[in-house]
Structure formats: C-alpha cells, structure tokens
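Each chain, letter by letter, is given below.
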There are 2 protein chains.
Amino acid sequence: MNNELLKNYAKLFVQVGGNVQRGQTVVISCPIACAHFGRMVQDEAYDAGASEVLIDWVDDLSYRIWFLRSSDTVFSTYPQWKVDKLKDQDKKDAVYLQIDSSDPELLKDINLERIKKYRKASRGATKEHSRNLMTNAQRWSIIAIPSTSWAKKVFPHLAEEEAVENLWNLIIKAARADSDDPVADWIKHRNILAKRIEYLNNADFSKLRFSTGLGTDFTVGLVQNHIWVGGNVLDKHGTPFFPNMPTEEIFTMPDRNSCDGRVVASMPMFYSGNLIEDFEFTFKSGSVEKYDARIGKESLASILEIDEGASQLGEVALVPNSSPIGQMKTMFYNLLFDENAASHLALGKSYPFSVTGGEKLNDEELKALGGNYSLTHIDFMFGTSDMRVAGLKHDGSETVIMENGEFVI
Amino acid sequence: MNNELLKNYAKLFVQVGGNVQRGQTVVISCPIACAHFGRMVQDEAYDAGASEVLIDWVDDLSYRIWFLRSSDTVFSTYPQWKVDKLKDQDKKDAVYLQIDSSDPELLKDINLERIKKYRKASRGATKEHSRNLMTNAQRWSIIAIPSTSWAKKVFPHLAEEEAVENLWNLIIKAARADSDDPVADWIKHRNILAKRIEYLNNADFSKLRFSTGLGTDFTVGLVQNHIWVGGNVLDKHGTPFFPNMPTEEIFTMPDRNSCDGRVVASMPMFYSGNLIEDFEFTFKSGSVEKYDARIGKESLASILEIDEGASQLGEVALVPNSSPIGQMKTMFYNLLFDENAASHLALGKSYPFSVTGGEKLNDEELKALGGNYSLTHIDFMFGTSDMRVAGLKHDGSETVIMENGEFVI
C-alpha cells in the first residue's frame, strides 16, 4: 500500500474516527507488526494538537504462547495496575485509537474454559472503563489493517504479498480513504445514515419483523423511547466521533424480553478464534430457547453460558445489502467489516445510549426498561439479499422498511 | 544468525542469566523489532517451568516521537500505575529479562532538560524497584541483540545486512554462546572470576592506585568491609544469576570521600544518545573538582548536575585488557559490551551488596560508610593496555595487581 493512501487512512482515523482535539491525551493500541502505521497515527495525532500520544503494543503470537503455556491460576485474576492504567487515562479524558490486525485463528485450539475464565476476570475488572466507552462518554475508534495471516484467511489461494495487497485495497475502499477528499466523503456518508435514523426515530416502531429465504421468521420488540444510532456519535462534551471505521450500520436497543421466532445466520461467526457456521437460534419471550450449528455448536454453548444476559439480545442493526462492504462479496473474518456487510443482532449487553437517558441509568435500571446486561456483546449476521423488514406500530399498523435487502423508506 | 545459535543464546539467557525456576513469573522487556527472539526467550522460560511469562514491548522510534512531541508537563510525572506494575511483579518475585537493542543515537538532539526532568521523575518513582534489582534481591539479566541502526553505528562502512551479521557474530562470541556446551563454558569462566575475587577479598586493600599512559594518576579508597563482586551473584534466596551477559568485570565499592587525582577516559561515553569524547575528571576528596571533554562537555555537565551523588563514585571495576571483548578492538557503543572491554569507574549510586551487610542499610546508613547515593549510575572506561593497578594496605605496603592491563595476581 502506498504511503500517501496510508497517510490518508491515518488522518481519517485521527481527525474523523477519534476526532483528536488540541491538548488531548491519545492512547493507540497497535500490533507490533503494524509499527510503521502506528507511528504514522502517532504523528497525525500530534499534528492534530495532542499533548501526549502513547502506544500500547500488542503481539498476537506471544499472547497465544501466554494463553497456551501459563499456569491455570494466571487466568482467574486481572492485575489491578491494568485497571488503574485505564482509570488514569480515562481521568485524563483520553481518546482510544485501536488498530486491529489480529489473526482470525489466534485463539484456535486454546482451551475454551481458560478463555472464558480470563474474559470473565478481565471484563469484570474493566467494567467501569468499558462503560465509559460503551456509553460513548469517551471517544474511541477502531480501524483494521491487514496482517499476513488475516489476508491469507480472506484470500487463501493467493500468495502472501498479493493477499495482503488485495486486502489493503478492500480496506482502503471500505474506509472511503481512496478519494481526493476523504473527510468530505465521510460527511456525505454520515448524512445518508442520519436521514435513515431520523425516519426511524420519528416512526417510533414498537416491533420489527424480519424474514429471509434462509428461514428467518423473527419479531423483535424495541424498548420504549429507543433511539436509532449510527454514523458518528457524540461524547459527553458533545464532540462527534466514529467508533468504527468503516461504519454502515444503524442500530437500536431491543426489548430483551420480547424477541420471538427463528433467526438463521447468514454468515459464519468467529468466537475466540473458533468458527461457528450455519447456525441458528429460536427465541421465546426474549431468551434463546433452542440453538443449533453445523460447525462449532460447543462454542455457541460457551457464549450462551457466560451469564444470563448472553442468551438475550442487546442490539438490532440494519445494513443495506448494497453497502460497499456487502458488495465486496468477501468474508472478512473480522466483525469490523462483516458487521457492515449485513443486518445483524447482538447477544449480550445493550448500548445504554440507544435509549433516551440510558447513559444515566445503572445496569439494573436499564434492565427494568428492557435493556440487557452481560459481560459480553457478540454480533452475528442474518441479513440477506432477500431480507424483508417491517416496522410494527403500537396501533398494529405495519410499514415495510427494507425489501430485498434494501431500505425502501 | 542461524536459529540454533539464537536458541543457544536464549537458553543461556533463561537458564544462566536469569536462572528461571519452576513456578516463576518472568517479565521480558523486548524491542518490537526483536519479536522473534523475544518469543524464543518466552518459550525457553516456559520450558524452564515458569508459571507466567509476560513481554513488555518497547519501541525506540515511537519513544523518540513521544519525547520530541509531547507537552512539557508530561515529563515531570511518572504514572502511579507503572510503579504499581513493578510492585506487583516484585511481590511475585519475578525474574526480569531485558533484551537490549537500542539505537545508540536514539535520544540525540532531544532537549537535555526534558530528558533530565523525566529521568528524575521516573527514577524517583521507581526507587524501590531499582533497589530490589541493585541489591540483587530479585534476579534480573540483560543481554543485547543487534538492531540495524546499532550495527551500522559499529560498522558504518558495511551494508546493513552485513553489519548486522558481523555484530551478531561478535555478540554470540562475547556471550560464549557458540560452543557445543555453552552452559559448561559459563561455569569455567565463572570460576576464573571467582578466583580473582577471592584473592582481592582476602587481600582487603584500603586503596587502589591507577596509572596509564593516557595520563591517569588516580587513587581511590575502598570502603571498610568492601566486597569484590562479579560473575554470578546470589538473590535473596541464594539462587545464583548473571545480571549481565557477557560479564568480564569484577568490582567493589569505592569510598565516595576518598578519591583523588586525574582520571582520563580511554573510551567515549554515551549519555542519552549524546557522545562524550576525550574526557577527563580531576577528583579531590572524593568529588569531581574539574572536568573537561573535547566533545560533549555540556552532556558531562548535565550528568554531574543530576544530584550531589552524581559527581562522586559508586563503583570501581577491573577488567583485563585481554578479555574477549577487549580483544575484539571494537567500540560497541553499548555499555553491556564496552564496560567489559576495559577497567572502569561509575559516577553515582553504589551497589549496596558490594559492602558487608549493605543490603540491609538504607541510603543514609550506606553513605555513612562511604557508599554513594544518587538517582543515577553511569560507567566510564579508563582501562588501557598499559594500565598499572596497585593495591595499598592499611600498613602502607603496596602490591601490584595489574601490569600492562593484565592481572598479575
């Protein structure tokens, strides 16, 4: 990938994604294999006026060795200093910029119990920080850049170098970083998402009904005073930012006790490096009543067992089939892209900002409204090119929102 | 460098350098450019029975950007969570393995005031941890591996690849990692150092007198009950380890109030990336009374200004001119090697374990014995191929210890 496009991508990440302000502390999470790009982002952040730009380096390979070879006792606790690091940064109102380049099979063959134990410990310990991000109180943004292993996973039949170049091309295109004025392009895109959101928020549907040729026949209730969200969001100071780049979805908060019917996934799901394929859920009164998978049923079970909230929904998201990423007809094995290829649902915690006043409620208060609490939040795709979505109002009237996978509103 | 020799080097580092024990926590500090070797060390440590092996990644280039571009206020504090991280690891009795591959010119052209301010903040905050290492209560070991920039500094006229290969060859040889049985070689070497130490501890000299053709004419008092140390040392449990690999020096504690005469350096010194060349000190009653340098006098001044102890001595070390590293006739621009090429002195903090019972004394008590306290500890070489060293006893008798740079005892 040429340096000029890389610089565009780094600039978008800093100026549009995280929207770094003068005097800001910035914390970049960067895989060591992407050091060149990480330092570019660091420089862009200083150019934007940051007072301090720190890089947390991550290395998938040694992380895997650590997971495979450490003593069992290691995984049941999370060091307090790591919690304090996040607290310290949160206190400084840091912007978090995460560069994701993970190997989709990183955690493959690692004992699931071990992963579950550690996830539980770390998520429990960093709950406050996660809440800061999930409520968008602090600005954060995630982008992806290709690793060799990721590129080979997406393009298994290409040579390494060609696979990486191909993946780069898709990513730069998906992130709208390849035009003469990427910042202007993002504003245009944001306005389209804003119009859909405005329509849906005004319509105030009480339920959505989904059907697809794959067999989905599903109705999901929306909580009262739910808010459709997408594109840029606002932090606690009202400063806009994009948590994900690219971003094509708009989403809101389902009522965790009012989801019924069959949902058939339209894309595989990755969980802790394990592939789950051709899976489906049947919901009754909000909870998963039955589930099945051709591959990875055990992984599916381990998700549902995390806690009570993991078998209820926390997000419902609409993405047109014609989205640039959907059109790439490529399985990215990476949620940042795959979730922007198709409409989806998420098991687990709901985003407090997707209901009026939600940021000010604690977990119990959110649950009382129909929101969901869990240590986890896992997306899965069910959108197809023949998906139909109808909105049902409290008076029983029905409006078609999407037909053949496209918005018709 | 072939993988077999690398594995030897990693094994020596883990088994001899840090002497990792079953059930141990190990913390590796590794430059991101040396990730392959870092993961080898991680695997060797698990092979030795470690319960958890963590890697702290460091990146010189982004550290330099941070130093150059952050706001001034950033450098006057050191985050508490970093202190707590060290405390947590120390509490677990972690072994610290540091892989050094820094660019000798990393901090070149960075404002010296800024570096001084940050060193002071960080050293003040991590004083307790430093003490754990300097008293050898906890095991630690440092080795070096070539970076391209370091190799080019050592071999400026060679192409990058050749320079790195050359430097690797010297390092593997200097570390005695190239034989069929490197561990046995280290034991043989340790025994030679142990004999010199035994002689000097029995002799119990009160002073050492140094003279060289370069103009050194210098007498240094040794504190009462000083201990000569070198080769392996023992941690608080009595477990042996080698803080530095390679190691050729033996050293003890000078009396910080009893150093007199002229010391002319025999090799350049690096301080915060700045070269100091052709420099000398004149000591009177222990303190630097005069100093000069053909290049870098300002850097020299900034060292002496760190605190009171920085202009007094904390270490005197003897290295034969014939040591393998001395024989390489190569300026490594890296203390780990250069300090093992020649006899040297250190400005700043003395090692508490180089006097009987020193580990149990606080800084003030050590100072009362003639030890030195400072936030810094900086070695400089003055050994030459014509150096003469004599030991003076309390009764006035004199014994020649080294002649023409070699031990004659």
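Residues numbered from 1 in each chain as written. Chains lettered and ligands numbered in written order. Predicted model: local features only at pLDDT ≥ 70, side-chain atom pairs only at ≥ 80, totals over all residues. Heavy atoms only, no water.

A. Main features of the overall build of chain A. Regarding its fold elements, chain A presents 13 helices and 20 strands. In terms of overall dimensions, chain A has C-alpha extents of about 55 × 50 × 50 Å along its principal axes. Residues counted as buried form 58% of the 409 residues belonging to chain A. For chain A, long-range pairs separated by at least 24 residues make up 75% of all intrachain contacts whose partners lie at least 6 apart in sequence. Carbon and sulfur atoms provide 48% of the accessible area of chain A, an area that totals close to 16,500 Å². On chain A, the mean spot of the 44 positive side-chain charges and the mean spot of the 57 negative ones are 3 Å from each other. (Helix = DSSP H or I, 4+ residues; strand = E, 2+ residues; numbered from the N terminus. Buried < 20%, exposed > 50% of the residue type's maximum accessible area, 1.4 Å probe, protein only. Contact = heavy atoms within 4.5 Å. Areas by Shrake-Rupley, 256 points an atom, 1.4 Å probe, with all protein chains shown as cover. Lys, Arg positive; Asp, Glu negative; His and termini not counted. Charge placed at Lys NZ, Arg CZ, Asp CG, Glu CD.)

B. Seen up close, the sheet that holds strand β10 (residues 250–252) of chain A. Residue and element names in this part refer to chain A. Read across the open sheet, the five strands follow the order β7-β10-β15-β16-β17; overall the sheet is antiparallel. At either margin of the open sheet sits one strand with a lone partner, and together these are β7 (229–230) and β17 (377–381). Sheet topology places strand β15 (residues 313–318) next to strand β16 (residues 344–348); four bridges connect them, and they run antiparallel. When the bridges of β16 are listed, valine 316 appears paired with leucine 345. Here helix α9 (residues 182–203) sits on the sheet and contacts β7, β10 and β15; the angle it forms with β10, its principal contact strand, is near 30°. (Pairing = 2+ DSSP bridges. Axes fitted to C-alpha atoms, helices over the stretch in contact; angles between N-to-C directions.)

C. Broad picture of the nonpolar core. In terms of nonpolar packing, the biggest core is built from 157 residues, with Tyr9 and Phe37 of chain A together with Tyr9 and Phe37 of chain B touching the most fellow members. With sequence-adjacent residues up to four places away left out, tyrosine 9 of chain A is seen in contact with Phe37, Ile143, Ala144, Ile145, Trp168, Ile171, Ile172, Ala175 and Ala177 of chain A. (Core = buried A, V, L, I, M, F, W, Y, C linked by side-chain atoms within 4.5 Å.)

D. Structural view of the sheet that holds strand β4 (residues 140–144) of chain B. Residues and elements named next belong to chain B. Spatially, β2-β1-β3-β4 is the arrangement adopted by the four strands of the open sheet, whose pairing is parallel. Each having just a single partner strand, β2 (52–58) and β4 make up the two edges of the open sheet. Across the sheet, the axes of successive neighbouring strands diverge by a mean angle of 15°, strand direction being ignored. Examined bridge by bridge, strand β1 (residues 25–31) and β2 share seven bridges and lie parallel to one another. From the neighbouring strand, valine 26 faces β2, where its bridge partner is valine 53. Contacts from helix α1 (residues 3–17) reach β3 (95–100) and β4 within the one sheet, and its direction differs from that of β4 by about 160°.

E. View of the packing of helix α1 (residues 3–17) of chain A against helix α2 (residues 35–47) of chain A. All names here are of chain A. Put simply, α1 and α2 touch, their axes get as near as 9 Å, and they point 55° apart. The angle between α1 and α2 falls in the class oblique. For α1 against α2, the interelement crossing comes out right-handed. Counted together, Asn3, Leu6, Lys7, Tyr9, Ala10, Lys11, Phe13 and Val14 of α1 and His36, Phe37, Met40, Val41, Glu44 and Ala45 of α2 form the full contact between these two elements. Classifying every residue of the contact of α1 with α2 by side-chain character gives nine nonpolar, two polar and three charged. (Parallel < 35°, antiparallel > 145°, perpendicular 65-115°, else oblique. Left-handed = near helix turned anticlockwise from the far one by under 90°. Nonpolar A, V, L, I, M, F, W, Y, C, P; charged D, E, K, R; others polar.)

F. Focus on the environment of valine 263 of chain B. All names here are of chain B. Take valine 263: it is sitting in strand β11 (residues 254–264). With relative accessibility at 0%, the residue valine 263 sits in the buried group. Placed 199 residues apart in sequence, valine 263 and arginine 64 show a C-alpha to C-alpha distance of 33 Å. Look past the residues within four positions of valine 263 in its chain and what remains in contact with it is Thr216, Phe218, Phe279, Glu280, Phe281, Phe283, Leu345, Phe380 and Phe382.

G. The side chain of serine 206 of chain A, seen in detail. Residue and element names in this part refer to chain A. With respect to the helices, strands and loops of the structure, serine 206 is situated in the loop between α9 and β5 (207–211). On the basis of relative accessibility, which here comes to 16%, the residue serine 206 falls in the buried class. Apart from the residues lying within four places of it in its own chain, the contact partners of serine 206 are Val220, Gly221, Leu222, Leu392, Lys393 and His394.

H. Broad picture of the relation of the copies chain B and chain A. For the pair chain B and chain A, the superposition axis carries a translation of 0.0 Å, the fit reaches an RMSD of 0.0 Å, and the rotation angle comes to 180°. What the rotation and shift describe, once combined, is the action of a two-fold rotation axis. Residue tryptophan 81 of chain B of chain B places its C-alpha closer to the rotation axis than any other residue of that unit, at 2.6 Å. Mapped onto chain A, 100% of the interface residues of chain B again fall at the interface, so both copies present the same surface. (Least-squares fit on C-alpha atoms with pLDDT ≥ 70 in both.)

I. Looking closely at the packing of aromatic side chains. Per the counting criterion, the structure on display carries 49 aromatic pairs over all chains. Ring geometry for tryptophan 150 of chain A and phenylalanine 337 of chain A: centres 6.0 Å apart, planes at 45°, overall tilted. In this pair, tryptophan 150 of chain A sits in helix α7 (residues 148–154) while phenylalanine 337 of chain A sits in helix α12 (residues 335–338), placing the two residues 187 residues apart along the sequence. Since its relative accessible area comes to 0%, tryptophan 150 of chain A is described here as buried. Between the aromatic rings of phenylalanine 251 of chain B and tyrosine 351 of chain B, the centroid separation amounts to 5.5 Å while the plane-to-plane angle is 55°, which identifies the pairing as tilted. With a gap of 100 residues between them, phenylalanine 251 of chain B in strand β10 (residues 250–252) and tyrosine 351 of chain B in the loop between β16 (344–348) and α13 (363–369) connect regions that are remote in the sequence. Tyrosine 351 of chain B matches phenylalanine 251 of chain B in its accessibility class, with the two residues each being buried. These aromatic residues form a ring-pair network of at least three members: Tyr63, Trp66, Phe67, Phe75, Tyr78 and Tyr118 of chain A. (Phe/Tyr/Trp six-rings, centres within 6.5 Å; stacked < 30°, edge-to-face > 60°.)

J. How the structure looks around a negative patch on the surface. Negative charge collects at one region of the surface, where Asp178, Asp180, Asp181 and Asp185 of chain A lie side by side. Assignment of secondary structure puts aspartate 180 of chain A in the loop between α8 (160–174) and α9. (Patch = residues over 30% accessible without salt bridge, like charges linked within 9 Å, V, L, I, M, F, W, Y side chains within 5 Å. Salt bridge = Lys/Arg side-chain N within 4 Å of Asp/Glu carboxyl O.)

K. Focus on the pairing of strand β18 (residues 388–392) of chain A. Residue and element names in this part refer to chain A. Counting buried residues along β18, four of its five residues qualify, which places the element largely inside the surrounding structure. As paired elements, β5 and β18 share five bridges and run antiparallel to each other. Pairing of leucine 208 across the sheet is with glycine 391, part of β18. Bridge count between β18 and strand β19 (residues 398–403): four bridges; the pairing is antiparallel. Looking across to β19, one finds that alanine 390 is bridged to valine 400. Where β18 hands over to β19, the hairpin turn is made up of five residues, of which glycine 396 adopts a positive phi near 95°.

L. Region of the structure containing α9 of chain A. Residues and elements named next belong to chain A. In this model α9 runs 32 Å from its N-terminal to its C-terminal C-alpha over 22 residues, within 8% of the 32 Å that 1.5 Å per residue would give. When α9 is considered as a whole, its buried residues turn out to be Pro182, Trp186, His189, Leu193, Ile197, Leu200 and Ala203. Seen along its axis, α9 keeps its buried residues to an arc of 120°; they face one direction. Residues of α9 that are exposed and point more than 90 degrees away from the buried face comprise Lys188, Lys195, Glu198 and Asn202. Buried residues in α9 make contact with α1, β7, β10, β15 and β19. Of the residues trailing α9, aspartate 204 is marked for its positive phi of about 50°. (Expected span 1.5 Å × (residues − 1). Arc of directions from axis to C-beta.)

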